[in-house]
Amino acid sequence: MTRLFATSGLALLTVVANSAQVERPVRLPEVEFPARAAIEASIDRGCAFLKKRQNPNGSWGSARQTKGLNIFAPVPGSHRAFQLAVTALSTAALIENKCDDPAYAAVIRGGEDHLLERLPYLRRATPVAIYNVWAHGFGIQALVRIRDRLEEQSDANATRLARVDDLIRHQIGMLQRYESIDGGWGYYDFNAHTKQPSGSSISFVNATGLVALHEAKERGIKAPEKLIKRAYDAIQRQRLPDHSYLYGEYLKWKPRRGINRPGGSLGRSHACNLALQIWGDKTITSKVHKICLDRLIARNGWLDVARKRPVPHESWFQVAGYFYYYGHYYAAFCLKTLPEAEQPLYQGHLAAILVPLQEKDGSWWDFPFYDYHQQYGTAMALMSLRRCLPSGGTQ
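So, a few notes on the structure that sits alongside this text. (Residues numbered from 1 in each chain as written. Predicted model: local features only at pLDDT ≥ 70, side-chain atom pairs only at ≥ 80, totals over all residues. Heavy atoms only, no water.)

1. A few points about helix 13 (residues 343-354)
Thinking step 1. Under the 1.5 Å per step criterion, the end-to-end length of helix 13 is 16 Å for 12 residues, consistent within 8% with the ideal 16 Å.
Thinking step 2. Of all 12 residues in helix 13, 10 are buried; the element is thus mostly enclosed.
Thinking step 3. Within helix 13, burial applies to Gln 343, Tyr 346, Gln 347, Gly 348, His 349, Leu 350, Ala 351, Ala 352, Ile 353 and Leu 354.
Thinking step 4. In this structure, the buried residues of helix 13 make contact with helix 2 (36-53), helix 10 (286-298), helix 11 (300-304), helix 12 (324-335) and helix 14 (373-386). (Helix = DSSP H or I, 4+ residues; strand = E, 2+ residues; numbered from the N terminus. Expected span 1.5 Å × (residues − 1). Buried < 20%, exposed > 50% of the residue type's maximum accessible area, 1.4 Å probe, protein only. Contact = heavy atoms within 4.5 Å.)

The structure is reproduced here in structure tokens:
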């Protein structure tokens, strides 16, 4: 892997120098790992849920099913962003798991068509609410999978493939438009409400964007180097010596606040580690991934205690319920970077966490969020479990 950017700064040097002393759980819990058949059955049930819950226009999710306390979401733009982000995740999950199943062909095509038709018109809801950055990031990931699927088809539609490529470039352009003045991205601008957002750069939003942009780069569609470097540098500034990450750059003077400590960073560390590693940071090693994976498994309760709580950040370490499946999603990506011989341990543990949490209707969810939560939770769990399948045949 080519190292794209040089790392610098006292904080990062401290990380490297003290990596051997970083706290790591003494041991992982003793649990029975689900068999391959059990994981596959769980995936089948989750995919069936998404198939059943798809909207007639091919999307997933809606602004229905409100509760007493709803998050700040100016209409209609916020919900356009939420629905497109959830549709992107759901489409990506079904492509990964059911692209060869004729029973899902129309469902997947419906999700693809919705993204191709609606993503080009997505903008921020207001100068304050910039939720669209999530849809641009997850949208690129879905479009990459649509592109891969088209290329695998013997009778590939060249016009449709060109349309997908153009939309990936367009979404990269939208990430340029809504880039924070600090580099990277945030989903709020509570500062000056400027044309280029003046809100804080948020570590895990930066990571989401960088992972998506790297997937596009691997398909030959490159983002401007300056855009990448600014987001990369923003994550580096938010990186702490114990492999935790600030929630956002606005907390740089409060690095020991609960949400920034290991227990509060459990849902963010994996995404940030992955983003830095794939863009060339050689200090993110397998050892670092294992430290953070061990923490996620051994201290999963810090995330789980917030799961399904209706108020954001009300739990210990200021953890919000919606950290849960996001954190496991990127943890699954991280475990696939490990040497192949070291992957089964973490695959088994992640599967042992996720499979029992599946609801009776086949969904997974972590935070009551209008009518989006079951869909995004299910999509993230499905893509996580896909990476937990043991290699080879049955187990």
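Still to come is the rest of the account.
2. Description of helix 14
Thinking step 1. Look at helix 14: 20 Å from first C-alpha to last across 14 residues, which is about the 20 Å you get at 1.5 Å a residue.
Thinking step 2. Burial analysis of helix 14 places 13 of its 14 residues in the buried class, the great majority of the element.

3. Concerning the environment of Lys 195
Thinking step 1. Examined against the element boundaries, Lys 195 turns out to sit in the loop between helix 6 (158-177) and helix 7 (203-218).
Thinking step 2. You can call Lys 195 exposed: its relative accessible area is 75%.
Thinking step 3. For the pair Lys 195 and Thr 87, spaced 108 residues apart in the sequence, the C-alpha separation amounts to 27 Å.
Thinking step 4. Sequence-distant contacts of Lys 195, that is, excluding residues within four places in its chain, are made with Arg 124 and Arg 177.

4. Some remarks on the packing of aromatic side chains
Thinking step 1. Counting across every chain of the model gives 28 aromatic pairs.
Thinking step 2. Taken together, a centroid distance of 5.6 Å and an interplanar angle of 65 degrees make the contact between Phe 82 and Tyr 372 edge-to-face. One end of the pair, Phe 82, is in helix 3 (residues 77-98); the other, Tyr 372, is in the loop between helix 13 and helix 14, and 290 residues separate them in sequence. Here Phe 82 and Tyr 372 have matching classes, each one buried.
Thinking step 3. Between Tyr 324 and Tyr 325, the ring centres sit 5.0 Å apart and the planes meet at 85 degrees, which makes this aromatic pair edge-to-face. The same class applies to Tyr 324 and to Tyr 325, which are both buried.
Thinking step 4. Taking NZ or CZ as reference, Lys 51 lies 5.1 Å from the ring centre of Tyr 104, over its face.
Thinking step 5. Directly above the ring of Tyr 324 sits Arg 307, whose terminal nitrogen or CZ lies 5.7 Å from the centroid. (Phe/Tyr/Trp six-rings, centres within 6.5 Å; stacked < 30°, edge-to-face > 60°. Lys NZ or Arg CZ within 6 Å of the ring centre and 35° of its normal.)

5. Some thoughts on the layout of surface pockets
Thinking step 1. The computed volume of the largest pocket comes to approximately 960 Å³.
Thinking step 2. Lining the largest pocket are 40 residues, with Trp 134, Tyr 187, Phe 204, Tyr 247 and Tyr 322 sitting closest to its centre.
Thinking step 3. Looking at the lining of the largest pocket, the element that brings in the most residues is helix 3, giving 5 residues.
Thinking step 4. Of the residues contributing to the lining of the largest pocket, the split by class is 27 nonpolar, 8 polar and 5 charged. (1 Å grid on protein atoms, 1.4 Å probe; cavity = no way out; pocket = protein on both sides within 12 Å on 5 of 7 lines; lining within 4 Å. Points joined across faces, edges and corners; volume = space filled by probe spheres on them. Nonpolar A, V, L, I, M, F, W, Y, C, P; charged D, E, K, R; others polar.)

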